[in-house]
Amino acid sequence: MSAALPAPDLHGYATHEVLNQPPPLADYDAYATDRALGDIVRAFGAGWAAERLHETGRTVGSAHVQELARAANRVLPELRSHDRFGNRVDRIDFHPAWHELMGLAIGQGTVSLAWRDPRPGAQVARGAVFYLWNQGEAGICCPIEMTYSAVPVLRRDPARWAEWGELILSDRYDGRQIRAGEKTGATVGMAMTEKQGGSDLRQTQTAATPNRDGTWSITGHKWFFSVPQSDVFLTLARTPEGVSCFVVAGWLPDGSRNRLQLQRLKDKCGNRSNASSEVEFRGAIAHLIGEPGRGIRTGLSMNHHTRLDCALGSAALMRQAVAQAAHHVSHRRAFQRTLIDQPIMQNVVADLALEAEAAAWLAFRFVAALDREGGSERERLLGRIGAPIAKYWVCKRVTPVVAEALECHGGNGFIEDHVMARLYREAPLNGIWEGTGNVICLDVLRSMEREPDCVSALLDELREAKGTDRRYDAALAGFEADLPDLRRREGQARRLVERIAVLLQAGLLLRHAPAEMADAFLASRVAGGWSGHFGDLPAGIDAGAVARRAVPLAG
Ligand SMILES: Cc1cc2nc3c(=O)[nH]c(=O)nc-3n(C[C@H](O)[C@H](O)[C@H](O)COP(=O)(O)OP(=O)(O)OC[C@H]3O[C@@H](n4cnc5c(N)ncnc54)[C@H](O)[C@@H]3O)c2cc1C
């Protein structure tokens, strides 16, 4: 490389040669280059899906999808409340990139894969496709997550399933905002949160009144109503028996808009490609699903899947952020050396990589429980308590990981041209929806109280790794001694959940990951003394090996 100035260009503007910038991380296979994900997929019985995962990996790693994601986040969705004649239409206009991304992601099985072909490992395979797509474009993952998670609820009602099942499980996305009968595929939205409360859904004010034909009319408002262009929604409304769950089509069979009036779109901190609205239901036609008065329980049964998707989504954001950082520092030089070869940077990247990999193992462990719960009560109980633990901890860790990965880029990471700025704004979101941190931790306490066998299943899982590392054994013994007291203290619920999560991660890494990963995790997160800030791995750790495992492209 020459330090001499190049010859001025035709117009005489050239002042310098562009040096010391990494090549774009584009047109690569995001599955093949994610060694942790490959290990997870094989360990949890989804190795058969490798070909499909490579295809998804190449799609989400392509420069084309990166450009689509950028476009969908720069030209934002717009509410078209009326047509030019003044009629209400309540539609959302999107940049075409949004629809192309939706078509690609649904076409690769992000909704249907595990439900259509529920063979062993199917949920893990679908989880891996979803994890990869969260790195393609996180905004589209909101409708995908809701549609995937609505399946178990809708399937329980034969009439509703007959109406919607085929369309929801279709891999042929259809973005037209018209009645479902004319479409090749459908997406599902969720309308729960109202102004006076999102966590405490017992405060729901929206009311449902019965019609003579067996349908209901719903009147009220919803304060967060994402994907308002969805074909069908699950919503909560009051009946005389209490809060009940309803299925509301976006358009009626005669082609008219169901009586939903979109008030405005939210101007959000992140997740900007995805439309989130405020809505009024003005006598919207609906069908009751599940028992009247048991709507929160019915609605929340999809929550188990959405929470796991939040954990997968946040683990994916971490992987994307760390891959970007590792790529950047393997090319950028400062003070005569490549950044990744400088001891402090090596420690930072290794520490970040460790956090991201441990997050992925934790999230996928409870996705694997979905695959196994049919044949094992222990797995069902483990999944019951494990899903909220993973949701809480992975969503809690993603924001500091993304912030530190951004800093690894220096100023370049803070500029909108770079994907890091988008990841940074996205990072806190999964921690809010589907149960905020406190609510999730209270749910873990509740499951310990109401289903004490969950605790036995959890302890069995933790004991699987016993005897492999003395630091782990000591931490597990300490936890078992403290548990009877901790589980009684609501104010300490976060501490309890965090301790379980870290032990679960340590156990998973000990059982499945390369020795240097487990060793670094135990030395920092389990043995004590780790500050919680990245770049604090103790001496004696092979930080170079841990950091290099995260680099997506060699050379
Ligand atoms: C971008 C975006 C899109 C969304 N899309 C949808 C959607 O499509 N459909 C939908 O229904 N909702 C949607 N939501 C709403 C989301 O589900 C709620 O924001 C969430 O459930 C929290 O409810 P809340 O905002 O009313 O907060 P609150 O319930 O008021 O909580 C505020 C704070 O209090 C804490 N808290 C609550 N209860 C307790 C307690 N008992 N003890 C201690 N602390 C407590 C919470 O942890 C939180 O930190 C969306 C939100 C966002 C940000």
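If you're wondering where the values come from, they're calculated on a predicted model, not measured in any experiment. (Residues numbered from 1 in each chain as written. Predicted model: local features only at pLDDT ≥ 70, side-chain atom pairs only at ≥ 80, totals over all residues.)

S.K.: Quick question: what am I supposed to make of the nonpolar core here?
M.R.: A general trend in soluble globular proteins is that nonpolar side chains are found buried together. Formed by 175 residues in total, the largest nonpolar core has its most connected members in V322, V349 and A363. Element by element, the count of residues in this core is highest for helix α11 (residues 343-372), at 20 residues. Leaving out residues up to four positions away in the same chain, V349 has contacts with A325, A326, V329, I340, C408, A547 and A550. (Core = buried A, V, L, I, M, F, W, Y, C linked by C-beta atoms within 7 Å. Buried ≥ 20, exposed ≤ 12 C-beta atoms within 10 Å, placed from the backbone. Helix = DSSP H or I, 4+ residues; strand = E, 2+ residues; numbered from the N terminus. Contact = placed C-beta atoms within 7 Å.)

S.K.: Could you clarify how one ought to interpret the site of the ligand in this entry?
M.R.: Surrounding the ligand, one finds 22 residues, the nearest of these being G198, S199, F224, S226 and T436. Taken domain by domain, the shell around the ligand gets at least three of its residues from each of domain 2 (188-297) and domain 3 (302-550). (Near = placed C-beta within 6 Å. Domains from an automatic or database assignment.)

S.K.: What's the story with helix α18 (residues 515-526) in this structure? I'm lost.
M.R.: The α-helix advances 3.6 residues per turn, and as a result positions three or four apart in sequence lie on the same side. Counting buried positions along α18 gives nine out of twelve residues, so the element sits mostly inside the fold. Along α18, the residues that are buried comprise M517, A518, D519, A520, F521, L522, S524, R525 and V526. On its buried face, α18 sits against α11, α16 (470-486), α17 (493-512) and α19 (543-550). Remark: G528 follows α18 within two positions and exhibits a positive phi of approximately 100°.

S.K.: Hey, could you run me through the domain arrangement of the protein chain in this one?
M.R.: Accessible area lost upon the coming together of the parts serves often as the stated size of an interface. By the assigned domains, the protein chain splits into domain 1 (35-182), domain 2 (188-297) and domain 3 (302-550). In this structure, domain 1 and domain 2 have C-alpha centres spaced 21 Å apart. Of all elements in the fold, only α3 (63-74), β1 (78-82), β2 (88-93), α7 (141-155) and α8 (158-168) reach the threshold of two or more residues within the side of domain 1 that touches domain 2. Among the elements that line the side of domain 1 that touches domain 2, the one with the most residues is α7, at six residues.

S.K.: It is not clear to me how the pairing of β2 should be interpreted in this structure. Could you clarify?
M.R.: For a regular strand, side chains alternate in direction, first toward one face of the sheet and then toward the other. Here four bridges tie β1 to β2, and the two strands are oriented antiparallel to one another. When the sheet's bridge partners are listed, R80 is paired in β2 with R91. Connecting β1 to the next strand, β2, in antiparallel fashion are five residues, including G86 with a positive phi near 95°. (Pairing = 2+ DSSP bridges.)

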